[in-house]
Amino acid sequence: MSSSTEISPAEQPHMNPYWAGFGLGLVLLASFVIMGRGLGASGAFTTAVATTVHAIAPAHAEGNAFYAEYLGDGATSPLKDWLVFEVLGVFLGGFLSGALANRLKFTIEKGPRITNPRRLLLAAIGGALMGIGAKLALGCTSGQALTGGALLNLGSWAFMMCVFGGAYGLAWFLRRAWL
Amino acid sequence: MNAPFFKYALFGDEMSLVVAFVIGIGFGFFLERAGFGNARLLAAQFYFRDLRVLKVMFTAIITAMVGAYLLGRLGLLDLSLVYLTPTFLVPQIAGGLILGAGFIIGGYCPGTSCVSAATGRIDGMVYLAGMIGGLLGFAEVYPSIERFTKITAMGQITLARQFHLSYGFLVFAVVLMAFGAFVMAELAEKFIGGKEPGPGALLEPVRTFTPVRRFAVVLTGLGVVALFAGSPYRSALAQVDTKQLALDALRAADQVTADQLADWLVEGRNDYLLVDVRDAQSFAAYHIPGAVNLPLSGLNHDFAQRNERVVFYSDNAIHTAQAWFLIRSLGFPSVYILAGGLETWQEAVLYPRAPAAGAAPKDQIDFAKRMAVAKFFGGSARGATSEVANPVAPVLPKLAPPSPTAPAPDNAQPAKKKKKEGC
């Protein structure tokens, strides 16, 4: 990695993808060895949603099999959950890395041919689809593709192929957002 | 080494949250390092401009895959204890397609959007808000789509088992495939994206053995090792430490008394598995509440999780001991035998003998306690003199199946209500 020596701290270039992947793989392996489970992301948000709904409408949450699964036995707070703490770490780790590379910036990432409101609308729609897809597939890119991929999990590999398929299939229609 | 450490109870739940946080920091750090906090860079994958999504993901996958394989093969990591998300093929295909659409429309996936939001990207924050909306919507319609989410259930299954291939061969094939894909990706970046392979690329136009190339050769080499080294699961290398087994047997460290077991059942403990190794008929006639029936012929390495405590019983001491030996030799560390088997269970727990009239008060109190436990299991007392009255015929009442009103039904062990382990 080359470092910049300008007066105002400039953004550092990103890490070589192979080394970043190697680092990520070692983190995943550590999770297997220490915990006997892989990484995740969407599950933590599901727990947060279930807990919030439970706090507002307890009867409604308990009557729904989906929420109930994330609420646990009621003996401990559902937020005292492995994935919730892991995702809190993800926020901190991302922030630390961004800070070290001078990449902390309030901005919107987008292609030059799309307006900010449109980009944000697409981000919200994409996020919503992601939430639905992740729950249907029992995991997202972290919990299914990365973790299940490394464990040669049948469903994870089918899932991973479909993620790439779905994204490549729609890429042409969204070229104005990114290129 | 007994890994996964958590599953062998080397630390508790509270500590696991600290571990979660630290692992999360590592995860987030490398996601951001890779440039995954930037939606435009992520989306570039799908226009062949910059294929770092593929490179990072597959490098991570093959690193963890090869590592887990080797640790498993060396007997350091019990791979069967690493949680495998069950396969529901059709819902996962549908979910994958929807998720892929969300990826190209929104620019992130859940993990990367956290990193993006954490570094100040407003689109990442909006994406997260959208995801919460999606989860809420999914949850609300869940009751009407629950049936669809459960179709084509295939259980916890690996590619190796599904396609009858050796695990090692698949490890080798995936490593080879990954590096093939990386070379193709660099060619695509060059010819479609117009980006020449620079420093750190596999195809960097230098003739030296660069670090990235060395990395590729080492991983491929380990893949070749996997090709010939066999299964990484522990059952394939069952080993018997005869001395340890003999010592455990001598110290009776392998036994649970009937009174102990009764206490566990009364307390409703659920940290053990009680296994009846008699045939199904005898099991149906009577069994200790909470027991599962697994005749000797049905015992194999996947009848329980390897870190579970198992208690065997039968009316045949030899069969129980054989089950104990079989399962110990498969590498289960905590296996126990109900001392004296069903016979002692009946004598000591179900039908305790009343003390003779005029016995010491201590014996009377002891008997009252035993009676309470016996009642819990639907038993009753036997007179102190019955033995004398009828020395030949068995004194024990014939064991009947627990009556419907029996106070200790089969579900005396509360069902484990655990939160899901997956994503």
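Residues numbered from 1 in each chain as written. Chains lettered and ligands numbered in written order. Predicted model: local features only at pLDDT ≥ 70, side-chain atom pairs only at ≥ 80, totals over all residues. Heavy atoms only, no water.

Trainee: Teacher, can you tell me more about the overall build of chain B here?
Mentor: Along its length, chain B carries 16 helices and seven strands. Split into buried and exposed, the 423 residues of chain B put 48% on the buried side. Long-range pairs, those at least 24 residues apart, make up 68% of the contacts in chain B between residues at least 6 apart in sequence. As presented, chain B carries roughly 19500 Å² of accessible surface, and 64% of it is formed by carbon and sulfur atoms. (Helix = DSSP H or I, 4+ residues; strand = E, 2+ residues; numbered from the N terminus. Buried < 20%, exposed > 50% of the residue type's maximum accessible area, 1.4 Å probe, protein only. Contact = heavy atoms within 4.5 Å. Areas by Shrake-Rupley, 256 points an atom, 1.4 Å probe, with all protein chains shown as cover.)

Trainee: Teacher, can you tell me more about the interface of chain B and chain A here?
Mentor: Interface size is commonly expressed as the accessible surface area that is lost when the partners come together. Taken together, the contacts link 137 residues of chain B with 126 residues of chain A. Summed over both partners, the interface of chain B with chain A comes to about 11800 Å²; 75% of that surface belongs to carbon and sulfur atoms. Between the two partners, chain B and chain A, sit four salt bridges. With a closest N to O distance of 2.9 Å, Glu-14 of chain B and Lys-80 of chain A form a salt bridge. Where chain B packs against chain A, one counts 45 residue pairs in polar contact (both at pLDDT 80 or more). Per-element tally for the side of chain B that touches chain A: the top contributor is helix H6 (residues 122–149) of chain B, with 20 residues. (Buried area = accessible area lost by both parts, 1.4 Å probe. Salt bridge = Lys/Arg side-chain N within 4 Å of Asp/Glu carboxyl O. Polar contact = N/O pair within 3.5 Å; in protein donor to acceptor, adjacent residues only side chain to side chain.)

Trainee: Got a minute to help me understand the packing of helix H11 (residues 258–267) of chain B against helix H14 (residues 341–350) of chain B in this structure?
Mentor: The relative placement of two packed helices comes down to the angle between their axes together with the axis-to-axis distance. All names here are of chain B. Taken N-terminus to C-terminus, the directions of H11 and H14 make an angle of 65°; their axes are 9 Å apart at the nearest point. Comparing their axes, H14 and H11 come out roughly perpendicular. Classified by chirality, the crossing of H14 by H11 is right-handed. Along the contact surface, H11 presents Ala-258, Asp-259, Leu-261, Ala-262 and Leu-265, while H14 presents Thr-344, Trp-345, Ala-348 and Val-349. When the residues that make up the contact of H11 with H14 are grouped by side-chain class, the tally is seven nonpolar, one polar and one charged. (Axes fitted to C-alpha atoms, helices over the stretch in contact; angles between N-to-C directions. Parallel < 35°, antiparallel > 145°, perpendicular 65-115°, else oblique. Left-handed = near helix turned anticlockwise from the far one by under 90°. Nonpolar A, V, L, I, M, F, W, Y, C, P; charged D, E, K, R; others polar.)

Trainee: Even after reading the chapter, I still don't get the packing of aromatic side chains, so can you show me in this structure?
Mentor: The way to describe two aromatic rings as a pair is by their centre distance and the angle between their planes. All told, the structure shown has 24 aromatic pairs over all chains when counted by the stated rule. Taking 6.3 Å as the distance between ring centres and 15° as the angle between the ring planes, the aromatic pair formed by Tyr-69 of chain B and Tyr-167 of chain B counts as stacked. In this pair, Tyr-69 of chain B is assigned in helix H3 (residues 52–73) and Tyr-167 of chain B in helix H8 (residues 167–191), connecting sequence segments 98 residues apart. On the basis of an interplanar angle of 85° and a centroid distance of 5.5 Å, the ring pair of Phe-179 of chain B and Phe-182 of chain B is categorised as edge-to-face. Residue Phe-179 of chain B and its partner Phe-182 of chain B are located together in helix H8, separated by three residues, close to a single helical turn. Assessed through its relative accessible area of 10%, Phe-179 of chain B is described here as buried. On the basis of relative accessibility, which here comes to 1%, the residue Phe-182 of chain B falls in the buried class. Taken together, Phe-66, Tyr-67 and Tyr-70 of chain A together with Phe-138 and Tyr-142 of chain B form an aromatic cluster joined through their ring pairs. Positioned over the ring face of Trp-172 of chain A is Arg-175 of chain A, at 3.9 Å from the centre of the ring. The side chain of Arg-269 of chain B reaches across the aromatic face of Trp-264 of chain B, ending 4.5 Å from its centre. (Phe/Tyr/Trp six-rings, centres within 6.5 Å; stacked < 30°, edge-to-face > 60°. Lys NZ or Arg CZ within 6 Å of the ring centre and 35° of its normal.)

Trainee: Looking at this model, I keep getting lost on the packing of helix H6 (residues 116–136) of chain A against helix H4 (residues 89–106) of chain B. Mind explaining?
Mentor: At a closest axis distance of 7 Å, the pairing of H6 of chain A and H4 of chain B adopts a crossing angle of 165°. Considering their axes alone, H6 of chain A and H4 of chain B lie roughly antiparallel with respect to each other. Judged by the sense of rotation from one axis to the other, the crossing of H6 of chain A with H4 of chain B is left-handed. Residues Arg-119, Leu-122, Ala-123, Ile-125, Gly-126, Leu-129, Met-130, Ile-132, Gly-133, Ala-134 and Leu-136 of chain A of H6 of chain A form the contact with H4 of chain B, whose own contacting residues are Pro-91, Gln-92, Ala-94, Gly-95, Ile-98, Leu-99, Ala-101, Gly-102, Phe-103, Ile-105 and Gly-106 of chain B. Class assignment of the residues belonging to the contact of H6 of chain A with H4 of chain B gives a composition of 15 nonpolar, six polar and one charged.

Trainee: Can you walk me through the sheet that holds strand E4 (residues 272–276) of chain B in this structure?
Mentor: Two strands in a sheet stick together by hydrogen bonds in their backbones, pointing the same way (parallel) or opposite ways (antiparallel). All names here are of chain B. Sheet architecture is open: five strands sit in the order E3-E7-E6-E4-E5, paired in parallel fashion. Taken across any chain shown, the strands that pair with only one partner, and hence form the sheet edges, are strand E3 (255–256) and strand E5 (292–293). Sheet topology note: the strand E6 (residues 309–313)/strand E7 (residues 335–338) ladder contains three bridges and is parallel. Bridge pairing in E7 places Phe-312 opposite Ile-337. (Pairing = 2+ DSSP bridges.)

Trainee: Help me understand the confidence of the model for chain B in this model?
Mentor: It should be kept in mind that the predicted coordinates are not to be read in detail where pLDDT is low. All names here are of chain B. Across chain B, pLDDT averages 85, with 88% of residues at or above 70. Below a pLDDT of 50 lies the segment residues 385–395, which in the model reaches six contacts outside its immediate sequence neighbourhood of four places, other chains included. Of the regions scoring below 50 in pLDDT, residues 401–417 engages in 24 contacts with residues more than four places distant in sequence or in other chains. Per the prediction output, this complex has pTM 0.77; the corresponding ipTM is 0.93. (pLDDT = per-residue confidence, 0-100.)

Trainee: What am I meant to see in the domain arrangement of chain A here?
Mentor: All names here are of chain A. Domain boundaries in chain A define domain 1 (16–105) and domain 2 (109–179). Computed from C-alpha atoms alone, the centre-to-centre distance between domain 1 and domain 2 is 18 Å. With 12 residues of domain 1 at the contact, the number on the domain 2 side is 10 residues. With both chains or domains summed, domain 1 and domain 2 bury close to 720 Å², and 72% of this area falls on carbon and sulfur atoms. Contact with domain 2 buries area across many residues of domain 1, yet Phe-32, Leu-39 and Ser-42 alone supply 49% of it, more than any other trio. Our count for the contact surface shared by domain 1 and domain 2 stands at zero salt bridges. Residue assignment for the side of domain 1 that touches domain 2 shows that the elements contributing at least two residues are helix H1 (17–35), helix H2 (42–56) and helix H4 (65–71). Across the side of domain 1 that touches domain 2, the residue classes tally to seven nonpolar, five polar and no charged. (Domains from an automatic or database assignment.)

Trainee: Explain the pairing of E6 of chain B here, please?
Mentor: Across the five residues of E6 of chain B, four count as buried, placing the element largely inside the fold. Crossover E6 of chain B to E7 of chain B through helix H13 (residues 317–329) of chain B is right-handed. (Right-handed = clockwise from strand over helix to strand, strands pointing away.)

Trainee: It is not clear to me how the environment of Phe-22 of chain A should be interpreted in this structure. Could you clarify?
Mentor: With respect to the helices and strands, the residue Phe-22 of chain A is situated in helix H1. Excluding its chain neighbours within four sequence positions, the residues that come into contact with Phe-22 of chain A are Thr-59, Thr-63 and Phe-215 of chain B.

Trainee: Any chance you could explain the pairing of E4 of chain B here in plain terms?
Mentor: The side chains of a regular strand alternate, first on one face of the sheet and then on the other. All names here are of chain B. Across the five residues of E4, five count as buried, placing the element largely inside the fold. Burial along E4 is two-sided: the residues Tyr-272, Leu-274 and Asp-276 and Leu-273 and Val-275 are all buried. Inspection of the sheet shows E4 paired to E5 by two bridges, in the parallel sense. Paired with Asp-276 across the bridge in E5 is Asn-293.

Trainee: Would you mind showing me how to read H11 of chain B here?
Mentor: Note: α-helices contain 3.6 residues per turn, so residues at a spacing of three or four share the same orientation. Residue and element names in this part refer to chain B. Listed in full, the buried residues belonging to H11 are Ala-258, Leu-261, Ala-262, Trp-264 and Leu-265. Looking straight down H11, one finds that the buried residues subtend no more than 160° of arc, so they occupy a single side. Residues of H11 that are buried sit in contact with E3, E4, E6, E7, H14 and helix H15 (361–376). Residue Gly-268 follows H11 closely and has a positive phi angle near 75°. (Arc of directions from axis to C-beta.)

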